[in-house]
Amino acid sequence: MRRVVCPGSFDPITNGHLDIIGRSARLYDEVTVAVLINVEKSSLFTVDERIEILQTVTKEYPNVKVRKFHGLLVDFCRQNDIPAIVKGIRVVSDFDYELQMAQLNYRLSGVETLFMPTNPEYSFLSSSRVKEIARYGGDVSGLVPDLVHNLLIERLRG
């Protein structure tokens, strides 16, 4: 079975994330979406909320499962028999950062990292930008799944 992990904080999940997850789901037998538990970072949505959201918006992909993890991603991969990480790359600065992480992860564990260019439609998109736009009343529909859009409005505007 060909397994891969798509890691991230997904706070919130964007259509760019979904694009990478969906494309990975078409290429691999099993895709694990791994939600990082980062106690040092304040999040808009709890880890459990993000898992529930991800399970809902990825339900069309029967080979996608959602899990949370804490610590090193390569340890999560080893524990779950996942030999490869898929990372979406939007711009050159993403590549610079992700290449270093990929080389370090390989050195630590032998886990491979595969880079997937983002659909150009989402090359400008990030969770932090979505939150900022939504916080100031901007329209983020089309940038996030409808469920996330509604939750953002509810959470940020009361």
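These figures come from a predicted structure and were not determined experimentally. (Residues numbered from 1 in each chain as written. Predicted model: local features only at pLDDT ≥ 70, side-chain atom pairs only at ≥ 80, totals over all residues. Heavy atoms only, no water.)

J.: Teacher, can you tell me more about the overall build of the chain here?
T.: Across its full length, the chain carries six helices and five strands. Across the chain, helices and strands are ordered from the amino to the carboxyl terminus as β-α-β-α-β-α-β-α-β-α-α. The C-alpha atoms of the chain give a radius of gyration of 15 Å, which matches the 15 Å a tight globule of 158 residues would have. Overall size of the chain, expressed as C-alpha extent along the three principal axes, is 45 × 35 × 30 Å. Looking at the chain as a whole, 46% of its 158 residues are labelled buried. For the chain, contacts bridging at least 24 residues in sequence account for 73% of all contacts bridging at least 6. Accessible surface computed for the chain: about 8,900 Å², of which carbon and sulfur atoms make up 51%. (Helix = DSSP H or I, 4+ residues; strand = E, 2+ residues; numbered from the N terminus. Rg over C-alpha atoms; globule rule 2.2 N^0.38 Å. Buried < 20%, exposed > 50% of the residue type's maximum accessible area, 1.4 Å probe, protein only. Contact = heavy atoms within 4.5 Å. Areas by Shrake-Rupley, 256 points an atom, 1.4 Å probe, with all protein chains shown as cover.)

J.: Mind showing me how you'd approach helix H6 (residues 146-157) here?
T.: Note: α-helices contain 3.6 residues per turn, so residues at a spacing of three or four share the same orientation. Look at H6: 16 Å from first C-alpha to last across twelve residues, which is about the 16 Å you get at 1.5 Å a residue. Buried residues of H6: Val148, His149 and Leu152, and no others. All buried residues of H6 project into a common sector of 100° when viewed along the axis, lining one side. Turned more than 90 degrees off the buried face of H6, the exposed positions are Asp146 and Glu154. (Expected span 1.5 Å × (residues − 1). Arc of directions from axis to C-beta.)

J.: What exactly am I supposed to notice about the environment of Arg107 here?
T.: Inspection of the secondary structure puts Arg107 in helix H4 (residues 92-109). For the pair formed by Arg107 and Arg157, sequence separation is 50 residues and the distance between their alpha carbons is 45 Å.

J.: Would you mind showing me how to read empty space enclosed by the protein here?
T.: The gaps left among the atoms become clear once a water-sized probe is rolled over them. Evaluated as defined, the whole model comprises one cavity of 30 Å³ or more. As a volume, the largest cavity reaches approximately 30 Å³. Around the largest cavity sit Phe10, Pro12, Ile13, Phe45, Arg50, Ile53 and Val148, which together line it. Residues belonging to the lining of the largest cavity are distributed by class as follows: six nonpolar, no polar and one charged. (1 Å grid on protein atoms, 1.4 Å probe; cavity = no way out; pocket = protein on both sides within 12 Å on 5 of 7 lines; lining within 4 Å. Points joined across faces, edges and corners; volume = space filled by probe spheres on them. Nonpolar A, V, L, I, M, F, W, Y, C, P; charged D, E, K, R; others polar.)

J.: How do you make sense of helix H1 (residues 15-27) when you look at a structure like this?
T.: With 13 residues, H1 should reach 18 Å at 1.5 Å per residue; the first-to-last C-alpha distance of 18 Å fits that figure. Looking at H1, one finds that the buried residues are Asn15, Gly16, Leu18, Asp19, Ile20, Ile21, Gly22, Ser24 and Ala25. The secondary structure elements touched by the buried residues of H1 are strand E1 (3-8), strand E2 (30-36), helix H2 (47-57), strand E3 (64-69), strand E4 (84-89) and strand E5 (112-117). At the N-terminal end of H1, a side-chain oxygen is found 3.2 Å from the backbone nitrogen of Gly16, two or three residues along, and the residue is Thr14. (Polar contact = N/O pair within 3.5 Å; in protein donor to acceptor, adjacent residues only side chain to side chain.)

J.: Honestly, the side chain of Ser127 in this entry has me stumped. Any pointers?
T.: With respect to the helices and strands, the residue Ser127 is situated in helix H5 (residues 127-135). On the basis of relative accessibility, which here comes to 13%, the residue Ser127 falls in the buried class. Here Pro12 takes part through its backbone oxygen, which lies 2.6 Å from a polar atom of the side chain of Ser127. Dropping the residues within four chain positions of it, Ser127 is found in contact with Asp11, Pro12, Thr14 and His17.

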